[in-house]
Amino acid sequence: MNPVVFAALGTVAALLGMFIAYKIYANARIPAAKGSSAPEGGKATWTFLFDSIHKYVGIIPVNVLAWICDVVVDKILAAAQWTIGAIATILGDGAASFQVRKVRLQIALSILGLVALLAIVILTGGTL
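Student: Even after reading the chapter, I still don't get the overall build of the protein chain, so can you show me in this structure?
Tutor: Helix and strand counts for the protein chain come out as three helices and zero strands. In sequence order, the secondary structure elements of the protein chain are arranged as α-α-α. Taken along the three principal axes of its C-alpha coordinates, the protein chain extends 110 × 60 × 25 Å. Across the protein chain, the centroid of the 9 positively charged side chains sits 12 Å from that of the 5 negatively charged ones.

Student: What's the story with the UniProt feature "transmembrane region" (unreviewed entry) in the protein chain in this structure? I'm lost.
Tutor: In the numbering adopted here, UniProt assigns the feature "transmembrane region" (unreviewed entry) to residues 6-25 and 107-126. Across residues 6-25 one finds 100% helix and 0% strand; the C-alpha atoms that close the span lie 29 Å apart. The span residues 107-126 is 85% helical and 0% strand by assignment, and the distance between its end C-alpha atoms comes to 25 Å.

Thresholds, definitions, all that
Residues numbered from 1 in each chain as written. Predicted model: local features only at pLDDT ≥ 70, side-chain atom pairs only at ≥ 80, totals over all residues. Heavy atoms only, no water. Helix = DSSP H or I, 4+ residues; strand = E, 2+ residues; numbered from the N terminus. Lys, Arg positive; Asp, Glu negative; His and termini not counted. Charge placed at Lys NZ, Arg CZ, Asp CG, Glu CD. UniProt positions renumbered as here; feature names shortened; annotations may be inferred.

Here it is, written out as C-alpha cells:
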C-alpha cells in the first residue's frame, strides 16, 4: 500500500472519530456541583495537618536541596570544568609548539640532547 494512502486513511479515521464524538457529546449537559468538596470538621483537621506535615517534611527540604544543587554545586562544577579546560588548553598549546614543523627549534633541541648525552658519557667515564 502506498504510504500516502495509508497516512490519508489514518487521518480520515481520526477525523471521523472526532466527528462522531462531537455528535454524541456536543449537547450533553454537565451536572452541577452538589455543594463544596472541601473537608469539614475532624476531616479538615486531619487533612490540613497532613498538608502541613507534607509541606515542612517533604516540599521545603526538597526545595532547599534543589536550590543548593542549582546554585552551589552547579557553580563548583562549572569552575572545575573551566579550570580543567584551561589547563588542557595550556598544555595542548605548549605541546603543539613542539609538534609544529620548526626546523630551527628541532635542530636546536637535537643538538642540546646530543650535548647532554655526551656530557653524561664523559662525566660517567664512558658508560651510561
